[in-house]
Amino acid sequence: MTAPEDLQSWNRLAALAAQERDDRKVDPASMRLTTDGLLMDFSRQRVDQDIIDALLALARETGVEAAIENLFEGALVNVSERRAALHTAMRAPHEERPEAVADLIEAEQARMLDVARRVREGDWRGATGKPFSTVVHIGIGGSRLGPELVVNALGGDFDIRFLSNVDGNAAILAFADLDPNETLIVVASKSFGTLETLTNARFARSWLLERTGDANAVAQHFVAVTANVEAARDFGIPADRCLPIWDWIGGRYSLWSAVGLPIAIALGETGFCELLDGAHDMDRHFRTAPPAQNLPLMLALLGIWNNNFLDGSTHAMLVYDSRLAILPQFLQQLEMESSGKSVTNDGSPSRIDTAPVIWGGEETDGQHAFHQLLHQGTRAFSADFIAVADPGHDLADQHRWLLANCLGQGEALLAGAPSPADAPHQAVAGNHPSTTLLLDRLDDRRLGMLLALYEHKVFCQSVIWGINPFDQWGVELGKQLARRVYDALGEDSEADDMDAATASLVDTLKKPRP
Ligand code: F6P
């Protein structure tokens, strides 16, 4: 397969980027796309029709359309692990799912929703017969971020807590004020081997057993979501308390599966299904809309333009809605774990840049922290502004200020401002491209659409860069080294076989503290 940088369209884009194109003649109305309730305005990107045409040619030359079909049909798009990536099947109607998984999904989705219903209705009770009032969801990365994002964004009517970090302070805090008799603990781990999750699960098990004094309580108070039922059973969770996740669902694409159990408990079946329906609406759009009207593809192409041709090595997610406060973190995992790759699908090193660093925050707090650098720093970057038109509350004036800041920042980033003659330090260079994503309101369906939009953006970019977005081999080395350091931190162990910096820090930590 031809490397992207050898394609005609890539070279055309490089030539366009080399030209001074300050006189962008764009009609803002032609730089916006919509689907139900979601507007994507890219009139603040540094593109014109020539650039857009060349980007669309790049999508054609790299075979994005065929790749999209492969994804939906269950081809082995995760080439290094020889797996399909069928998160879209989780949210498709039965008849649109690949046949090999359709019945399985149907049955297991029903089982998961039944668990959620029984917990919500107090039908499934703890060991002392009390209904559950709180759910503690233990998981990390994709086994936490999606569910927490959705529960935070949409609320619901159940007390759900999330515990991910191995830091003991977090574990103590998560359980501090809970009644063990009314607490259900969900352990979400595809591998059931992740250090943080298992450490926290063991803490939760001791917490429960010490307080209830009932050895049988684990079976009654724990649910596992995992592909490794054996390991869950060894931990003490019986097979009939395990909900499945399959190897064709990646961790960061898993909120649509049983990993979304806390979402279904918080929102109920209707809310969970609406979320899936919204994502499916985006899937259908992605699969059928012509390239120039295709939101995920256009979002991906604009990202390629900024990343590979305008030298933007970072991309900010600026979220103007506190309900979506952890969206930047979610997108960080989605994009950086998927596309932070330097080897292409044929095993050769990539000669072009792949994913930028994704970062961001909840606004307007960011404006009083890092926007100074955005306005007057020296580095190129791009940004997505994400806002919601209807705030879901009646503090109209506050919301007007929030939106005014969102739109004003986008304008300032692009237009900048000249400095007065005697005050060069006041110059704001501008020329920083951004896209504005505006939801008409934040509900289950629209949130599903928004998350699927970004999933597909990531997929399109991976096709163009020729990399696999569904594996994450890079995180393994750090896990192995942590295990070695953990052993060395033990009382009788030696800090050998590690580099000088690590060994010296281990020594420091082992010295008695005053
Ligand atoms: O950090 C690597 C990773 O495997 C992520 O991809 C995943 O979301 C997370 O760890 C949790 O994995 P698991 O669900 O197997 O505990």
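Higher on the page you've got the structure.
Here we summarise the structure given alongside this text. (Residues numbered from 1 in each chain as written. Predicted model: local features only at pLDDT ≥ 70, side-chain atom pairs only at ≥ 80, totals over all residues. Heavy atoms only, no water.)

A tally of regular secondary structure across the protein gives 18 helices and 11 strands. Oriented by its inertia axes, the alpha-carbon framework of the protein measures out at about 75 × 60 × 55 Å. Every one of the 514 residues in the protein was classed for burial, and the buried ones make up 51%. A fraction of 73% describes how many contacts in the protein between residues 6 or more apart in sequence connect residues 24 or more apart. Carbon and sulfur atoms provide 50% of the accessible area of the protein, an area that totals close to 23000 Å². When the 44 positive and 73 negative side-chain charges of the protein are each reduced to one mean point, those points stand 2 Å apart. (Helix = DSSP H or I, 4+ residues; strand = E, 2+ residues; numbered from the N terminus. Buried < 20%, exposed > 50% of the residue type's maximum accessible area, 1.4 Å probe, protein only. Contact = heavy atoms within 4.5 Å. Areas by Shrake-Rupley, 256 points an atom, 1.4 Å probe, with all protein chains shown as cover. Lys, Arg positive; Asp, Glu negative; His and termini not counted. Charge placed at Lys NZ, Arg CZ, Asp CG, Glu CD.)

Below, the discussion takes up the sheet that holds strand E9 (residues 357-362). Whether parallel or antiparallel, the strands of a sheet pair through hydrogen bonds between backbone atoms. A sheet is described by the order of its strands in space; here 6 strands give the open sequence E1-E2-E11-E10-E8-E9, paired in mixed fashion. Two strands lie at the open edges of the sheet, namely strand E1 (32-35) and E9, each paired on one side alone. For this sheet the average axis-to-axis angle between neighbouring strands, irrespective of direction, equals 15 degrees. Direction of pairing for strand E8 (residues 314-320) relative to strand E10 (residues 382-390): parallel, over a ladder of 6 bridges. By the bridge assignment for E10, His-315 is matched with Ser-382. This element, helix H15 (residues 396-415), spans E8, E10 and strand E11 (434-441) of the sheet and lies at about 155 degrees to E10. On the sheet, helix H16 (residues 444-465) packs against E1, strand E2 (38-41), E8, E10 and E11 and is oriented at approximately 155 degrees with respect to E11. (Pairing = 2+ DSSP bridges. Axes fitted to C-alpha atoms, helices over the stretch in contact; angles between N-to-C directions.)

This part covers the packing of aromatic side chains. For the structure on display, the rule yields 13 aromatic pairs. What links up through ring pairs into an aromatic cluster is the set Trp-10, Trp-305 and Phe-309. It is Arg-91 that lies over the ring of Trp-256; its NZ or CZ is 4.6 Å from the centre. Here the guanidinium or amino end of Arg-205 rests over the ring plane of Phe-235, the centre of that ring lying 4.2 Å away. (Phe/Tyr/Trp six-rings, centres within 6.5 Å; stacked < 30°, edge-to-face > 60°. Lys NZ or Arg CZ within 6 Å of the ring centre and 35° of its normal.)

A word on the packing of helix H6 (residues 145-154) against H16. Relative to each other, H6 and H16 sit at 145 degrees, their axes nearing to 11 Å. Relative to H16, the crossing made by H6 is right-handed. Listed contacts from H16 to Leu-149, Val-150, Ala-153 and Leu-154 of H6 are Asp-444, Leu-447 and Leu-451. Of the residues belonging to the contact of H6 with H16, the class tally is 6 nonpolar, no polar and 1 charged. (Left-handed = near helix turned anticlockwise from the far one by under 90°. Nonpolar A, V, L, I, M, F, W, Y, C, P; charged D, E, K, R; others polar.)

Turning our attention to the pattern of salt bridges. Across all of its chains, the model carries 33 salt bridges by this definition. When salt bridges with common partners are traced through the structure, they connect Glu-274, Asp-277, Asp-281, Arg-284 and Arg-445 into a single cluster. (Salt bridge = Lys/Arg side-chain N within 4 Å of Asp/Glu carboxyl O.)

So, about the pairing of strand E4 (residues 159-163). Regular strands have side chains that alternate between both faces of the sheet. For strand E3 (residues 134-138) and E4, the ladder comprises 5 bridges, and the chain directions are parallel. Looking across to E4, one finds that Thr-134 is bridged to Asp-159. Read from E3 through H6 to E4, the crossover connection turns out right-handed. (Right-handed = clockwise from strand over helix to strand, strands pointing away.)

A few words on the site of the ligand. Neighbouring the ligand are 14 residues; Ser-143, Ser-189, Ser-191, Thr-194 and Glu-337 lie closest to it. Within the side chain of Ser-191, an N or O atom sits 2.7 Å from an oxygen atom of the ligand. Across the complex, the protein chains shield 87% of the 400 Å² of accessible surface that the ligand would expose by itself. Elements with a contribution of two residues or more to the shell around the ligand: helix H13 (327-339) and helix H17 (475-488). (Near = heavy atom within 4 Å. Polar contact = N/O pair within 3.5 Å; in protein donor to acceptor, adjacent residues only side chain to side chain.)

Bringing the sheet that holds strand E7 (residues 242-244) into the picture now. Pairing in this open sheet of 5 strands is parallel, and the strands run E4-E3-E5-E6-E7 from one edge to the other. The open sheet has two free edges, formed respectively by E4 and E7, since each of these has just one partner strand. In this sheet, adjacent strand axes meet at a mean angle of 20 degrees when their direction is disregarded. Note that strand E5 (residues 183-188) and strand E6 (residues 222-226) share 4 bridges and pair parallel. Paired with Ile-185 across the bridge in E6 is Phe-222. Against the sheet, helix H5 (residues 99-120) touches E5 and E7, its axis set at about 140 degrees to E7. Taken strand by strand, helix H11 (residues 261-288) contacts E3, E4, E5, E6 and E7, and its axis lies near 160 degrees from that of E4.

Moving on: the side chain of Ser-143. You can see Ser-143 is positioned in the loop between E3 and H6. Sequence-distant contacts of Ser-143, defined by excluding residues within four places in its chain, comprise His-137, Ala-188, Ser-189, Lys-190, Gly-251 and Val-259.

Structurally, Phe-381 is set in the loop between helix H14 (371-376) and E10. Taking C-alpha positions, Phe-381 is 49 Å from Asp-492, a pair spaced 111 residues apart along the chain. Dropping the residues within four chain positions of it, Phe-381 is found in contact with Gly-312, Thr-314, Leu-374, Leu-413, His-432 and Pro-433.

Inspection of the secondary structure puts Leu-302 in helix H12 (residues 295-309). A sequence separation of 96 residues divides Leu-302 from Gln-398, and the C-alpha atoms of the two residues are 32 Å apart. Sequence-distant contacts of Leu-302, defined by excluding residues within four places in its chain, comprise Met-40, Phe-42, Gln-45, Val-47 and Thr-435.

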